[in-house]
Amino acid sequence: QVQLVESGGGLVQAGGSLRLSCAASARAFGNYAMGWFRQAPGQEREFVATIGWTGTTPYYVDAVKGRFTISRDNSKRTVDLQMNSLKPEDTAVYYCAAKFAPLVNKWSATVPDYWGQGTQVTVSS
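(A) A look at the nonpolar core. Grouped together as the largest cluster of nonpolar side chains are 31 residues, with contacts concentrated most on Leu-4, Met-34, Trp-36, Leu-81, Met-83 and Tyr-94. Only β3 (18-24), β4 (33-39), β5 (46-51), β7 (68-73), β8 (78-83), β9 (92-99) and β11 (119-124) provide two or more residues apiece to this core. Sequence-distant contacts of Leu-4, defined by excluding residues within four places in its chain, comprise Cys-22, Ala-23, Ala-24, Met-34, Cys-96, Ala-97, Ala-98, Tyr-114, Trp-115, Gly-116 and Gln-117. Judged by nonpolar contacts, the second largest core, of six residues, contains Phe-37, Phe-47, Ala-97 and Trp-107.

(B) Looking closely at the sheet that holds β8. Sheet architecture is open: four strands sit in the order β1-β3-β8-β7, paired in antiparallel fashion. At either margin of the open sheet sits one strand with a lone partner, and together these are β1 (4-7) and β7. On average, each strand axis in the sheet is tilted by 15° relative to the strand beside it, whichever way the strands run. In this structure, β1 lies alongside β3, joined through four bridges in antiparallel fashion. Directly across from Glu-6, in β3, lies its bridge partner Cys-22.

(C) Region of the structure containing the environment of Val-121. Along the chain, Val-121 falls in strand β11. The exposure class of Val-121 is buried, given its relative accessible area of 0%. Counting along the chain gives 110 residues from Val-121 to Leu-11, while the straight-line C-alpha distance between them is 6.2 Å. Those residues in contact with Val-121 that sit more than four places away from it in its chain are Gly-9, Gly-10, Leu-18, Leu-20, Met-83, Asp-90, Thr-91, Ala-92 and Tyr-94.

(D) Examining the layout of surface pockets more closely. Taken as a whole, the largest pocket spans an internal volume of roughly 150 Å³. Looking at the largest pocket, the residues that line it are Phe-37, Arg-45, Phe-47, Thr-50, Tyr-59, Val-104, Asn-105, Lys-106, Trp-107 and Ser-108. Grouping the constituent residues of the lining of the largest pocket by class yields five nonpolar, three polar and two charged.

(E) Region of the structure containing the pattern of salt bridges. Following the criterion strictly, the structure yields six salt bridges and no others. The salt bridge involving Asp-80 is made with Arg-19; its shortest N-O contact spans 3.2 Å. Highlighted residues: Asp-80 in strand β8 and Arg-19 in strand β3, separated in sequence by 61 residues. Accessibility expressed as a relative area gives 14% for Asp-80, which makes it buried. Here Asp-90 makes a salt bridge to Arg-38, at a shortest N to O gap of 2.9 Å. With Asp-90 in the loop between β8 and β9 and Arg-38 in strand β4, this residue pair connects regions lying 52 residues apart in the sequence. Take Asp-90 and Arg-38: they sit in the same class, and that class is buried. Beyond isolated ion pairs, a larger network of salt bridges with shared partners links Arg-38, Glu-46, Arg-67 and Asp-90.

Reading the values: the criteria
Residues numbered from 1 in each chain as written. Predicted model: local features only at pLDDT ≥ 70, side-chain atom pairs only at ≥ 80, totals over all residues. Heavy atoms only, no water. Core = buried A, V, L, I, M, F, W, Y, C linked by side-chain atoms within 4.5 Å. Buried < 20%, exposed > 50% of the residue type's maximum accessible area, 1.4 Å probe, protein only. Helix = DSSP H or I, 4+ residues; strand = E, 2+ residues; numbered from the N terminus. Contact = heavy atoms within 4.5 Å. Pairing = 2+ DSSP bridges. Axes fitted to C-alpha atoms, helices over the stretch in contact; angles between N-to-C directions. 1 Å grid on protein atoms, 1.4 Å probe; cavity = no way out; pocket = protein on both sides within 12 Å on 5 of 7 lines; lining within 4 Å. Points joined across faces, edges and corners; volume = space filled by probe spheres on them. Nonpolar A, V, L, I, M, F, W, Y, C, P; charged D, E, K, R; others polar. Salt bridge = Lys/Arg side-chain N within 4 Å of Asp/Glu carboxyl O.

The analysis is restricted to geometry; functional conclusions fall outside its scope.
Next up, the structure:
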């Protein structure tokens, strides 16, 4: 069993920044591809960003490209999401997810092995 715990959410004004972090309990964290997702009120959960188990090949949904950066530190068992130039439409609960695989090219075609509990991000206009 792997536990994922997100932190770093909060309230920020439009144009501001937040850094989310996801801490994993898995000793084999380096064997998991990691992803960030978000769910806004009344909407389905959507993919935001992903990174392979070596920290290479990050990929982002178009809406956040150039503003968000995903990174990981396998020695600390963490995956972070740096969010800059935040917009009100980024308001959502953000979740991290783990899949026992080197890389997940299409999260919609698979089922994550583990989810975190989520952290709220609210961007005011």
